[in-house]
Amino acid sequence: MPTGQGGSALVVIDMINTYDHQDAELLVPSAERVVPVLADLIGRARAARTPVIYANDNFGLWRSHHGERVEAALARPHADLIEPIKPDDDSLFVVKARHSIFYETPMSYLLWQLGVGHVVLCGQVTEQCVLYSALDAHIRHLDVTVPRDAVACIHLHLEDAALEMMERNMGARIVRAREVGFPPPTG
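Reading the values: rules and limits
Every chain's residues receive numbers from 1 upward, in the order its sequence appears when written. pLDDT decides what is reported in this predicted model: residues at 70 or higher carry local features, side-chain atom pairs at 80 or more are listed and counted, and totals for whole chains, interfaces and linings draw on all residues regardless. For side-chain calculations, the full set of non-hydrogen atoms in the structure is used, while hydrogens and water are omitted. In this text, helices come from DSSP runs of H or I with a minimum length of four residues, and strands from runs of E with a minimum of two, each type numbered from the N-terminal end. As used in this structure description, the phrase polar contact means that two N or O atoms lie within 3.5 Å; if the pair is within protein, one of them must be able to donate a hydrogen and the other to accept it, and residues adjacent in sequence are counted only when both atoms belong to side chains. Whether two residues are in contact is decided by their heavy atoms, any of which lying within 4.5 Å being enough. For salt bridges, the criterion is a side-chain nitrogen of Lys or Arg within 4 Å of an Asp or Glu carboxyl oxygen. Two axes define the bend at a residue: one fitted to the seven residues ending there, one fitted to the seven starting there, and the bend is the angle between them. Exposure is judged per residue with a 1.4 Å probe applied to protein chains only, and the accessible area is read against the type maximum: over 50% gives exposed, under 20% gives buried, and values in between give partly exposed. Pairs of strands are assigned from DSSP output, requiring at least two bridges between the strands. Whether a crossover is right-handed comes down to one check: with the strands pointing away from the viewer, does the path from the first strand over the helix to the second run clockwise; if it does, it is right-handed. We call Phe, Tyr and Trp rings a pair once their centres come within 6.5 Å, taking the six-membered ring for Trp, and we label the pair stacked below 30 degrees between planes, edge-to-face above 60, and tilted otherwise.

A few words on the side chain of S8. Tracing the sequence through the fold places S8 in strand β1 (residues 7–13). Separated by 2.8 Å, the side chains of S8 and H118 make a polar contact. Filtering out sequence-adjacent residues up to four positions away, S8 remains in contact with T50, P51, V116 and H118.

Attention now goes to the environment of V130. Along the chain, V130 falls in helix α4 (residues 126–139). In the structure, V130 is positioned 102 residues away from V28 in sequence and 16 Å away in space, judged by C-alpha atoms.

All right, on to the pattern of salt bridges then. One side chain can pair with another of opposite charge once the charged atoms of both are near each other. One pass over the full model with this rule turns up seven salt bridges. R76 is paired through a salt bridge with D20; the nearest N and O atoms lie 3.1 Å apart. Placement of R76 in the loop between α2 (66–74) and β3 (92–96) and of D20 in the loop between β1 and α1 (24–47) is noted, with a sequence separation of 56 residues between them. The residue R46 makes a salt bridge to D88 at a minimum N-O spacing of 3.1 Å.

A word on α1. Remark: the principal bend of α1, roughly 35°, maps to V34, with a proline, P36, within the next four residues. Restricting attention to buried positions, one finds in α1 the residues A24, L27, V28, S30, A31, V34, V35, L38, L41, I42 and A45. Looking at the buried residues of α1, the elements they touch are β1, β2 (52–57), β4 (116–124), β5 (143–147) and β6 (151–152). With its phi angle positive at about 60°, R49 sits one or two positions after the end of α1.

Tracing the sequence through the fold places H118 in strand β4. When its relative accessible area of 15% is taken as the criterion, H118 is described as buried. Non-local contacts of H118, meaning those with residues more than four positions away in its chain, are made with G7, S8, A9, L142, D143, V144 and T145.

This brings us to the pairing of β4. Both faces of the sheet carry side chains from a regular strand, because those side chains alternate between them. Along β4, nine of the nine residues are buried, which leaves the element largely enclosed by surrounding structure. As judged from the seven bridges shared by β1 and β4, these two strands associate in the parallel manner. When the sheet's bridge partners are listed, V11 is paired in β4 with L121. Bridge count between β4 and β5: three bridges; the pairing is parallel. In the sheet register, V119 faces β5, and the bridge partner there is V144. Crossover connection from β4 via α4 to parallel β5: handedness right-handed. Bridging between β4 and β6 involves two bridges; their strand directions are parallel. What sits directly across from G123, in β6, is V151.

On to the packing of aromatic side chains, then. The tally for this structure, following the rule as stated, stands at two aromatic pairs. Here Y54 and F93 contribute two aromatic rings whose centre-to-centre distance is 6.4 Å and whose plane-to-plane angle is 10°, an arrangement assigned as stacked. Of this pair, Y54 sits in strand β2 while F93 is found in strand β3, placing the two residues 39 residues apart along the sequence. Given the relative accessible area of 0%, Y54 is considered buried. Relative accessible area serves as the criterion here: at 19%, F93 is assigned to the buried category.

What is shown is where atoms sit, not what they do.
Here it is, written out as structure tokens:
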């Protein structure tokens, strides 16, 4: 699907999470640090009418829908990590089953339909889903920005390596969240 259009989208990766999985105890402290930054970033994108797309793992629950995922996460001990960043009625939601937001999902078509040529990737896990999604976005000729303070990791040394790989190998712009601008839509 050709892209190259001018609009931007904020993609929030795997933040609707119950944190009852392997490595969750290593991920939660990092998630706690990024949630306030994400909340601000999401708020600024919404204010600018930039599409906010939640791309979230279904954790193998093939009969669930996004509303159930949000409700389940809000009912768990780490609901404080979900509440400030939960989807609103205008948010879009793509269910994924593997690491990349593009693998076997309608993400490419959705971005094309929205006229998006630039994605801002945030969420978790930097050295896994964010990295693979950045690679797949690059392969699709999308411009990629990753705010380093709006991504959560399991292993800090791997996060640093992943961010460097995104910048060097994929041409991603690695910035602070406050440097991300959401130009108002044209037309």
